[in-house]
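# Structural characterization, general
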Amino acid sequence: MRILIIEDEVRLAENVATAFRDRYGSAVDCAHDGLEGFSLAESGHYDLLILDLMLPGADGLSIVTKLRTRGDATPILILTARDERAHVIDLLNAGADDYLTKPFDLGELLARGKALIRRGKGVANTVLTLGQLSLNSVEQTVHGDSQLVDLSPTEYRILEYLMFRPRAIVSKRELLEHLYDYRWEHHSNVIEAHVSNLRKKLRATGELALVETIRGRGYRLSVPEASQ
Ligand code: CA
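### Details of the pairing of strand E11 (residues 210-214)
In this sheet, strand E12 (residues 218-222) lies alongside E11 in antiparallel orientation, the contact comprising five bridges. When the sheet's bridge partners are listed, Leu-210 is paired in E12 with Ser-222. Between the end of E11 and the start of E12, which pair antiparallel, lie three residues, with Gly-216 showing a positive phi angle near 75°.

Here's what the structure looks like:
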């Protein structure tokens, strides 16, 4: 999952980023002013934006409005200070999905953020399934044919991303961008090893779902017709 935090309180932004990295293994980018934040939001492919209301450059409301006007449907969670509560209705009307008032509980932010990401993918359930394969995104566990599949954090994140897009071809670059922070190019060579390990572990449990390599295009999670 790739997250963008636009927040001018640098320390707060870093704390939130660290929490998402530690808890969910998310790739997180931070911007500390509204203009930089908007240009990242506009150009990057994020699964969630966490946006402060009062920012130098461009404020949260104008960023929400511009993104939604352009048809960008990325889930947006707003952070507001207590005395900014009056703006909340404007923000929700402009298309923000949820908000939290500072100071907030980091655990609550993580839970709400994850819920927005799931809804953004059209997945309201915490358990994703494909054939016999099931992934619980709260417990971060995977079962293939009722057996627990013991995955490394990176293997889990690859599978989770693919399970959000069953049967779709996901390019290596897209996968890398969602797994790592800025310097994703450095991980380009190791992704194949992670995918290969993931494939072996799934196969070892008798799981029928396959992570296929589509030459020159990327990866695809699929199940044989008969087992669907
Ligand atoms: Ca601020």
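### Things to note about the domain arrangement of the chain
When its domains are assigned, the chain resolves into domain 1 (2-120) and domain 2 (127-227). Between the C-alpha centres of domain 1 and domain 2 there is a distance of 27 Å. Facing the 15 residues of domain 1 at the interface are twelve residues of domain 2. Together, the buried faces of domain 1 and domain 2 total about 1100 Å²; carbon and sulfur atoms form 38% of this surface. Connecting domain 1 to domain 2 are one salt bridge. Residues Lys-114 and Glu-160 are paired through a salt bridge, measuring 3.3 Å at the closest nitrogen-oxygen approach. Counting across the interface, domain 1 meets domain 2 through three residue pairs in polar contact (both at pLDDT 80 or more). Secondary structure elements with two or more residues in the side of domain 1 that touches domain 2: helix H1 (10-24), strand E2 (27-31) and helix H5 (106-120).

### Let's talk about the coordination of the calcium ion
Tetrahedral coordination by four donors sets the ideal angle at the metal to 109.5 degrees; octahedral coordination by six donors sets it to 90 or 180 degrees. Within the protein, the atoms that donate to the calcium ion are Asp-8 (OD), Asp-52 (OD) and Met-54 (O), at distances of 2.1 to 2.4 Å. Sequence spacing of the donors to the calcium ion: D-x43-D-x1-M. Of this pair, Asp-8 sits in the loop between strand E1 (2-6) and H1 while Asp-52 sits in strand E3 (residues 48-52), and the two are 44 residues apart along the sequence. Exposure remark for Asp-8: the relative accessible area of 32% places this residue in the partly exposed category. Residue class for Asp-52 comes out buried when judged on its relative accessible area of 3%.

Rules and cut-offs
Residues numbered from 1 in each chain as written. Predicted model: local features only at pLDDT ≥ 70, side-chain atom pairs only at ≥ 80, totals over all residues. Heavy atoms only, no water. Pairing = 2+ DSSP bridges. Helix = DSSP H or I, 4+ residues; strand = E, 2+ residues; numbered from the N terminus. Domains from an automatic or database assignment. Contact = heavy atoms within 4.5 Å. Buried area = accessible area lost by both parts, 1.4 Å probe. Salt bridge = Lys/Arg side-chain N within 4 Å of Asp/Glu carboxyl O. Polar contact = N/O pair within 3.5 Å; in protein donor to acceptor, adjacent residues only side chain to side chain. Donors = N, O, S within 2.8 Å, 3.2 Å for Na, K, Ca; no water. Buried < 20%, exposed > 50% of the residue type's maximum accessible area, 1.4 Å probe, protein only.

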